[in-house]
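Summary of the model geometry
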Amino acid sequence: MKPKIWLSSPHMSGNEQSYIKEAFDTNWVAPLGPNVNGFESDLQSYLNEDIHVAALASGTSALHLGLILLGVSNGDEVICQSKTFSASANPIVYQGATPVFVDSEKDTWNICPEQLEIAIKDRISKGKTPKAIIAVHLYGMPYKVDEVHNVASKYNIPVLEDSAESLGSHYKNQNCGTFGDLSILSFNGNKIITTSGGGALVTKTKEQKDKAVFLATQARDSAPHYQHSHIGYNYRMSNIVAGIGRGQMTILDSHVAKRRSNHELYVNAFKNIDKITFLKEPNGYFSNRWLSCILLDSKSTREGLRLALEKENIESRPLWKPMHQQPIFNDAPSYLNGVSDDLFDRGLCLPSGSNLTDIELDRVVSAINTYFALC
Ligand SMILES: *Cc1c(COP(=O)(O)O)cnc(C)c1O
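Let me begin by describing the structure that accompanies this report. The shown structure was predicted, so the numbers you read here are calculated from the model rather than taken from an experiment. Numbers given for residues are sequential positions, taken from 1 along each chain in its written order. Restriction of local features to residues with pLDDT of at least 70 applies here, the model being predicted, together with a cutoff of 80 or more for giving and counting side-chain atom pairs; totals for whole chains, interfaces and linings are based on all residues. Side-chain calculation: all heavy atoms of the structure are included, whereas hydrogens and water are not.

**Things to note about the sheet that holds strand S3 (residues 98-102)**
Overall, mixed pairing links the 8 strands, which are arranged S1-S9-S8-S5-S4-S2-S3-S13 in an open sheet. With one partner strand each, in any of the chains shown, strand S1 (52-56) and strand S13 (334-335) form the two edges of the open sheet. Only strands joined by at least two bridges in the DSSP assignment are considered to pair. Going along the chain from the N terminus, every DSSP run of H or I of four or more residues is numbered as a helix, and every run of E of two or more is numbered as a strand. As paired elements, strand S2 (residues 77-81) and strand S4 (residues 132-136) share 3 bridges and run parallel to each other. Looking at the pairing, Val78 lines up with Ala132 of S4.

Now the structure itself:
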């Protein structure tokens with residue numbers, strides 16, 4: 001069997017272990033310490049000096065705290081992009097609120113501003129103004145920021161920006177992760193940079209950051225004994241893990257460049273295969289191309305190609321299955337136009353890691369060429 005080619009695997013810079021060693025040498029083996037503060041300030045410098053960053057245990061915990069900060073509670077409704085990973089939607093349920101799913105548009109594959117407005121108007125007519133909107137930059141492609149935020153501000157609804165897949169992407173020269181009233185990042189093992197597991201909440205004010213850190217560290221009141229006036233969580237990032245993050249920040253831009261070059265390579269390699277199309281970067285959009293995705297002409301070509309790659313020990317995966325199709329969210333209201341269903345049927349993510357070698361990329365390209373030569 002040929003060696004496995006992964007969709008997106010961790011890619012260390014070599015600098016990570018010195019930060020971890022320092023943590024051990026100084027005995028900062030805890031969910032606080034110099035690496036946590038250092039990683040937060042590295043992210044802040046990268047994104048925008050005017051924002052604030054709270055390093056947390058995961059992107060999911062960041063979404064959960066984000067919803068709490070936006071005041072989402074029992075019985076509320078929260079609008080969420082249907083085409084996304086389940087972690088975008090699950091924290092709505094943690095808060096006892098109901099997700100309302102909104103379909104995508106074709107230009108970025110993200111939340112459709114027209115469907116969004118239809119959904120908001122309909123929810124309001126049913127007596128419930130949505131408490132927040134979760135918009136996602138899928139696969140690193142920014143959503144239609146101006147259009148989505150115009151609708152949100154027209155109805156005075158805050159946006160929680162899910163930037164888990166889009167660190168290093170930007171829109172009209174502003175970094176993804178800085179558009180939402182609150183925004184989140186993820187550093188899970190397959191993301192553009194990884195801390196093995198981790199995430200961050202990005203806030204506009206220092207007060208919001210302090211409140212997130214307070215809640216993430218069990219909500220201890222300032223008293224010599226353990227006293228609590230709020231329900232707390234154990235969501236802070238460990239100082240060891242943050243050391244990996246500091247090392248990863250040193251190569252973030254080169255990871256973005258490599259992922260973009262993987263994408264370019266696929267575009268060029270398959271330009272003569274009509275059954276394969278790509279999502280183009282609209283003017284003013286810059287995608288980190290976290291995953292390189294292709295659209296096939298039909299669901300059966302998609303599945304045939306996926307199985308052909310599997311035979312070659314090459315991992316590929318259909319695009320995210322929309323939340324409105326998930327059994328657990330059967331009863332959730334949804335506002336649909338068919339776009340995310342079609343993308344799920346015909347889309348495939350190809351190996352996209354920043355550590356892919358030329359030999360591995362050649363294997364992917366020839367496996368796909370062979371499949372289309374034969375079919
Ligand atoms: C990975 C991911 C998350 C969750 O982040 P974790 O760090 O794995 O908890 C949330 N939303 C999207 C779109 C993701 O891809």
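Following the structure, the description resumes.
**Some words on the packing of aromatic side chains**
For Phe, Tyr and Trp, where Trp contributes only its six-membered ring, two rings pair if their centres lie within 6.5 Å, and the inter-plane angle classes them as stacked under 30 degrees, edge-to-face over 60, or tilted in between. Tallied over the full model, the rule gives 11 aromatic pairs. Judged by centre distance (5.1 Å) and plane angle (20°), the rings of Tyr233 and Tyr235 are stacked. For Tyr235, a relative accessible area of 18% gives the class buried. On the numbers, 6.0 Å between centres and 10° between planes, the contact of Tyr266 with Phe270 is stacked. An aromatic cluster is defined as three or more aromatic residues linked by ring pairs; in this entry it consists of Phe85, Trp109, Tyr139, Trp290 and Trp320. By definition, being over a ring means that NZ of Lys or CZ of Arg is both within 6 Å of the ring centre and within 35 degrees of the ring normal. Across the ring face of Trp6, the terminal group of Lys4 is positioned such that the distance to the ring centre comes to 4.8 Å. Geometry around Tyr226 places Arg220 over its ring, the cationic atom sitting 3.8 Å from the centre. Only protein chains enter the accessibility calculation, which uses a 1.4 Å probe. A residue is then buried if its area is under 20% of the maximum for its type, exposed if over 50%, and partly exposed in between.

**A look at the nonpolar core**
Nonpolar cores are built from buried Ala, Val, Leu, Ile, Met, Phe, Trp, Tyr and Cys residues. Side-chain atoms within 4.5 Å join them into one set. Residues Leu43, Ile79, Leu116, Ile133, Tyr139, Leu167 and Phe187 are the most contacted members of the largest nonpolar core, which totals 58 residues. Note: domain ranges come from an automatic or database domain assignment. Here this core spans two domains, since at least three of its residues come from each of domain 1 (16-249) and domain 2 (253-374). What makes two residues a contact is simply this: any of their non-hydrogen atoms within 4.5 Å. Apart from residues lying up to four places away in sequence, Ile133 is in contact with Ile79, Ile111, Leu116, Ile120, Ala152, Ile157, Pro158, Val159 and Leu160. Among the nonpolar cores identified, the runner-up in size contains 32 residues, and Leu56, Leu63, Ile92 and Ala97 belong to it.

**Details of the site of the ligand**
Proximity is defined per residue: any heavy atom of the residue falling within 4 Å of a molecule or strand makes that residue near it. As a matter of local geometry, the ligand sits amid 15 residues, with Thr60, Glu165, Ser186, Asn188 and Lys191 nearest to it. Take Gly59: an N or O atom from its main chain is 2.8 Å from an oxygen atom of the ligand. In protein, a polar contact means a hydrogen-donor-capable atom and an acceptor-capable atom, both N or O and within 3.5 Å, with residues adjacent in sequence counting only if both atoms are side-chain atoms; elsewhere, any N or O pair within 3.5 Å suffices. Within the contact set of the ligand, an oxygen atom lies 3.2 Å away from a side-chain nitrogen or oxygen of Lys191. Per-residue and other accessible areas follow the Shrake-Rupley method at a 1.4 Å probe size, with only the shown protein chains counted as cover for residues. Here the ligand has 380 Å² of accessible area as a free molecule, and 95% of this is covered by the chains. Within this scheme a cavity is a closed region of a 1 Å grid, computed over the protein atoms alone, that accommodates a 1.4 Å probe without allowing it to escape, whereas a pocket is open but has protein on both sides within 12 Å along at least five of seven lines; lining residues each have an atom within 4 Å of a point. For a cavity or pocket, the test is whether more than half of a molecule's atoms lie within 2 Å of its grid points; if they do, the molecule sits there. Most atoms of the ligand, that is more than half of them, are within 2 Å of grid points of the largest pocket. Broken down by class, the residue content of the shell around the ligand amounts to 4 nonpolar, 8 polar and 3 charged. Here the nonpolar group is Ala, Val, Leu, Ile, Met, Phe, Trp, Tyr, Cys and Pro; Asp, Glu, Lys and Arg are the charged ones; every other residue, Gly included, is treated as polar.

**A short note on the pairing of S4**
Most of S4 sits out of view: 5 of its 5 residues are buried. The two faces of S4 match: Ala132, Ile134 and Val136 on one face and Ile133 and Ala135 on the other face are all buried. Where S4 meets strand S5 (residues 159-162), 4 bridges bridge the pair, whose relative direction is parallel. Within S5, the residue paired with Ala135 across the bridge is Glu161. A crossover links S4 with its parallel partner S5, the connecting element being helix H6 (residues 145-154), and its sense is right-handed. Orient the strands so they point away from the viewer, and a crossover whose first-strand-to-second-strand path over the helix runs clockwise is right-handed.

**Side note on the layout of surface pockets**
There is about 250 Å³ of room inside the largest pocket. Around the largest pocket sit 21 residues that line it, and Phe85, Ala87, Ala164, Ser186 and Lys191 are the ones nearest its centre. Of all elements in the fold, only helix H3 (59-69) and strand S8 (182-186) reach the threshold of two or more residues within the lining of the largest pocket. Examining the composition of the lining of the largest pocket, we find that 3 residues originate from one element, H3, more than from any other. Its residues assigned to classes, the lining of the largest pocket comprises 8 nonpolar, 10 polar and 3 charged. Its boundaries defined by the atoms lining it, the second largest pocket holds a volume of some 210 Å³. Lining the second largest pocket we find 13 residues, and of these His263, Val267, Phe278, Leu279 and Lys280 sit closest to its centre. In the lining of the second largest pocket, the residues fall into 6 nonpolar, 2 polar and 5 charged. Grid points are joined across faces, edges and corners, and a volume is the space filled by probe spheres set on the points.

**Quick word on helix H10 (residues 299-311)**
The terminal C-alpha atoms of H10, which comprises 13 residues, lie 19 Å apart, in line with the 18 Å expected from a rise of 1.5 Å per residue. Taken together, the buried positions of H10 are Thr301, Arg302, Leu305, Arg306 and Leu309. Along the axis of H10, the buried residues cluster in a sector spanning 135°; they form a single face. Exposed side of H10, more than 90 degrees from the buried face: Ser300 and Lys311 are the residues found there. At the exit of H10 stands Asn313, carrying a positive phi of roughly 60°. In this scheme, a helix's expected span is set at 1.5 Å multiplied by one less than its residue total. Arc definition: directions from the helix axis to the C-beta atoms.

**A short note on the sheet that holds strand S11 (residues 292-295)**
Strand order in this open sheet of 3 strands is S11-S14-S12, and the pairing throughout is antiparallel. In this open sheet, the two strands that pair with only one neighbour each are S11 and strand S12 (317-318). Two strands pair when backbone bridges link them, and S12 and strand S14 (residues 347-350) are joined in this way by 2 bridges, in the antiparallel orientation. Looking across to S14, one finds that Arg317 is bridged to Cys349. Strands S11, S12 and S14 of the sheet are contacted by H10, whose axis makes an angle of about 25° with S14. Angles shown run from 0 to 180 degrees and are taken between the N-to-C directions of axes, each axis being a line fitted to C-alpha atoms and, for helices, limited to the stretch in contact. Of the strands in this sheet, S11, S12 and S14 are in contact with helix H11 (residues 339-346), which crosses S14 at around 55°.

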